Amino acid sequence: MADEKTKKQWTILELIQWTTHYFQNKGIQSPRLTAELLLAYTLGVERISLYTHYDKPLNSRELAAFKENIQRRIRREPTQYITGKQEFWSMTFKVTPDVLIPRPETELLVETALRLFKQPAQTADPLSGSLTLADIGTGSGNIAIALAKELKNCVIYASDISEKALEVARYNAKNLLENPDQIIFLKGDLLQPFEKPDSSQVEGLGTRSPYREGTGSSNKLKFNGILCNPPYISEKDYAGLAPEVGQYEPKIALLGGKDGLSYYRRLLSTSVGYLFTQGYLILEIGFGQKEAVQKMIERTPGLTLQEVVKDYAGIDRVVVARRVDDARP
Ligand code: GLN
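None of the values given here were measured: they were computed from a predicted structure.

Rules used throughout
- Residues numbered from 1 in each chain as written.
- Predicted model: local features only at pLDDT ≥ 70, side-chain atom pairs only at ≥ 80, totals over all residues.
- Heavy atoms only, no water.
- Helix = DSSP H or I, 4+ residues; strand = E, 2+ residues; numbered from the N terminus.
- Buried < 20%, exposed > 50% of the residue type's maximum accessible area, 1.4 Å probe, protein only.
- Areas by Shrake-Rupley, 256 points an atom, 1.4 Å probe, with all protein chains shown as cover.
- Near = heavy atom within 4 Å.
- Nonpolar A, V, L, I, M, F, W, Y, C, P; charged D, E, K, R; others polar.
- Core = buried A, V, L, I, M, F, W, Y, C linked by side-chain atoms within 4.5 Å.
- Contact = heavy atoms within 4.5 Å.
- Pairing = 2+ DSSP bridges.
- Axes fitted to C-alpha atoms, helices over the stretch in contact; angles between N-to-C directions.
- Arc of directions from axis to C-beta.
- 1 Å grid on protein atoms, 1.4 Å probe; cavity = no way out; pocket = protein on both sides within 12 Å on 5 of 7 lines; lining within 4 Å.
- Points joined across faces, edges and corners; volume = space filled by probe spheres on them.
- Phe/Tyr/Trp six-rings, centres within 6.5 Å; stacked < 30°, edge-to-face > 60°.
- Salt bridge = Lys/Arg side-chain N within 4 Å of Asp/Glu carboxyl O.
- Left-handed = near helix turned anticlockwise from the far one by under 90°.
- Parallel < 35°, antiparallel > 145°, perpendicular 65-115°, else oblique.

(A) Region of the structure containing the overall build of the chain. In terms of regular secondary structure, the chain is built from 14 helices and nine strands. With 329 residues in all, the chain has 50% of them scored as buried. About 15,900 Å² of surface is accessible on the chain, with carbon and sulfur atoms providing 50% of the total.

(B) Structural detail: the site of the ligand. Contacts to the ligand come from Leu100, Pro102, Thr106, Gly137, Thr138, Gly139, Asn142, Ile143, Asn229, Pro230, Pro231 and Ala253. Split into classes, the residues belonging to the shell around the ligand amount to six nonpolar, six polar and no charged.

(C) Local environment of the nonpolar core. Counting 35 residues, the largest nonpolar core has Leu147, Ile183 and Ile282 as its most contacted members. Setting aside residues no more than four positions away along its own chain, Ile282 makes contact with Leu109, Thr112, Ala113, Leu116, Phe117, Ile226, Leu227, Cys228, Val318, Val319 and Val320. In terms of nonpolar packing, the next biggest core, distinct from the first, is built from 31 residues, Leu221, Leu268, Leu283 and Val319 among them.

(D) Seen up close, the sheet that holds strand β3 (residues 131–136). Pairing in this open sheet of seven strands is mixed, and the strands run β5-β4-β3-β6-β7-β9-β8 from one edge to the other. Looking along the sheet, the strands with just one partner apiece sit at the ends: β5 (183–187) and β8 (303–310). With direction set aside, neighbouring strand axes in the sheet form an average angle of 20°. In this fold helix α9 (residues 163–176) packs onto β4 (154–160) and β5, with an angle of close to 170° to the strand it touches most, β5. Contacts from helix α14 (residues 290–298) reach β8 and β9 (316–323), with the element oriented near 160° to β8.

(E) Highlighting α14. Among the residues of α14, those classed as buried are Val293, Met296 and Ile297. The arc enclosing the buried residues of α14, seen along the axis, measures out at 100°, which places them on a common side. The elements touched by buried residues of α14 are α13 (262–271), β8 and β9.

(F) Region of interest: the layout of surface pockets. The volume enclosed by the largest pocket comes to roughly 1,000 Å³. As for the largest pocket, its lining consists of 33 residues, and the residues nearest its centre are Leu37, Thr79, Gln80, Lys85 and Gln86. Mapped onto the lining of the largest pocket, the elements with two or more residues apiece are α2 (31–43), α3 (48–51), α5 (79–83), β1 (85–88) and α12 (243–246). In terms of residues, the lining of the largest pocket owes the most to one element, α2, which gives five residues.

(G) Seen up close, the packing of aromatic side chains. Summed over all chains, the structure comprises eight aromatic pairs. With centroids separated by 4.9 Å and ring planes inclined at 25°, the aromatic side chains of Trp18 and Tyr22 adopt a geometry described as stacked. Of this pair, Trp18 and Tyr22 are both found in helix α1 (residues 12–25), four residues apart, which corresponds to roughly one turn of the helix. Judged by relative accessible area, which is 30%, Trp18 ranks as partly exposed.

(H) Structural view of the pairing of β9. Counting buried residues in β9 gives eight out of eight residues, a clear majority hidden from the surface. Sheet topology note: the strand β7 (residues 275–284)/β9 ladder contains five bridges and is antiparallel. Considered in β9, the bridge of Leu281 is made with Ala321. Note: β8 against β9, seven bridges, orientation antiparallel. Across the sheet, Val309 pairs through a bridge with Val318, a residue of β9. Joining the antiparallel neighbours β8 and β9 is a turn of five residues, in which Gly314 adopts a positive phi near 80°.

(I) Layout of the pattern of salt bridges. Summed over the entire model, instances satisfying the criterion amount to 13 salt bridges. Of the charged contacts in the structure, one is a salt bridge between Arg32 and Glu36, with a shortest N-O distance of 2.8 Å. Of this pair, Arg32 and Glu36 both sit in helix α2, four residues apart, which is roughly one turn of the helix. When its relative accessible area of 33% is taken as the criterion, Arg32 is described as partly exposed. Ionic pairing is found between Asp311 and Arg317, a salt bridge with its closest N-O pair at 3.0 Å.

(J) Fine view of the packing of helix α6 (residues 107–117) against helix α8 (residues 142–150). For the pair α6 and α8, interaxial distance at closest approach is 10 Å and the crossing angle is 35°. Along this stretch, α6 crosses α8, giving a crossing that reads as right-handed. Along the contact surface, α6 presents Leu109, Val110, Ala113 and Leu114, while α8 presents Ile143, Ala146, Leu147 and Glu150.

(K) The arrangement of the packing of α1 against helix α4 (residues 60–74) in detail. Viewed as axis vectors pointing N to C, α1 and α4 meet at an angle of 20°, and their least axial separation amounts to 12 Å. Considering the angle they form, α1 stands roughly parallel to α4. In the packing of α1 onto α4, the handedness of the crossing is right-handed. Between α1 and α4, the residues in contact are Leu15, Trp18, Thr19, Tyr22 and Phe23 and Leu63, Phe66, Ile70, Arg73 and Ile74, respectively. Here the residues of the contact of α1 with α4 sort into eight nonpolar, one polar and one charged.

Following this line, the structure appears as structure tokens:
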């Protein structure tokens, strides 16, 4: 790129143009946008400010750093892991290779939850009057944080099996929320951290705490809603994923067992015991999984299918089940 003999000075515009063509030839998606995002990141500026500094030349240190970032992208590393960030729900989330990069379609899960929970009289905890939600497999914390931002009178328990993911999620909560204490992060597999949570972790919530010793036979937390965007890729589809996804994003966040449905099986069989009567289970699903998940819900005692929501591409994306009885497993 740099012509050493003439010591050519590369301006911002020239670099955007050169890199766009280079990415195009290498089959990188959205080549111009990617070039701009990486250049802005390298220079430590907002993308928009590139446009007002088109003629500005880069110094040799900036140019070397930009080249390194171009090479990373050519090796198919996702732009978001290079820049360390991704937009979700109009907020900029920190992302690392320990967390799934939040996808735009997951905003539909948040939208669906907001529609259902903005009728507090129907859904709030009858004892405390406030909402208690769970976000299972929180990853970067995107779902929990988006909900906390919109529902101020709401406590959200967010779990993840990966401590490193929880570190990212905690950072995002502190960085993005006025009141990060609205979210309680617990480490563990699916709903397991909510079975007998350490009381110190829920201390200070007072009547907002869904963990009330002596109010029932179980120490389980109870929720008005449980949300999850579980790993749902089948083994066969996993093998065919784009290198950006298959080689760089955490396998544990993507692979849903042989048929891609194993987390739905596990979640459906356990979640009834963690929901208040009338509580919602809100799940993201993958392409073509609606029928299978619907059948599983219909076969689960205590749950009924409430609705299936399509995403903007017309794909069934979010399934809502509701707890219908008042059995206490
Ligand atoms: N909750 C995160 C998201 O929706 C992570 C999900 C996951 O790792 N499967 O993006």
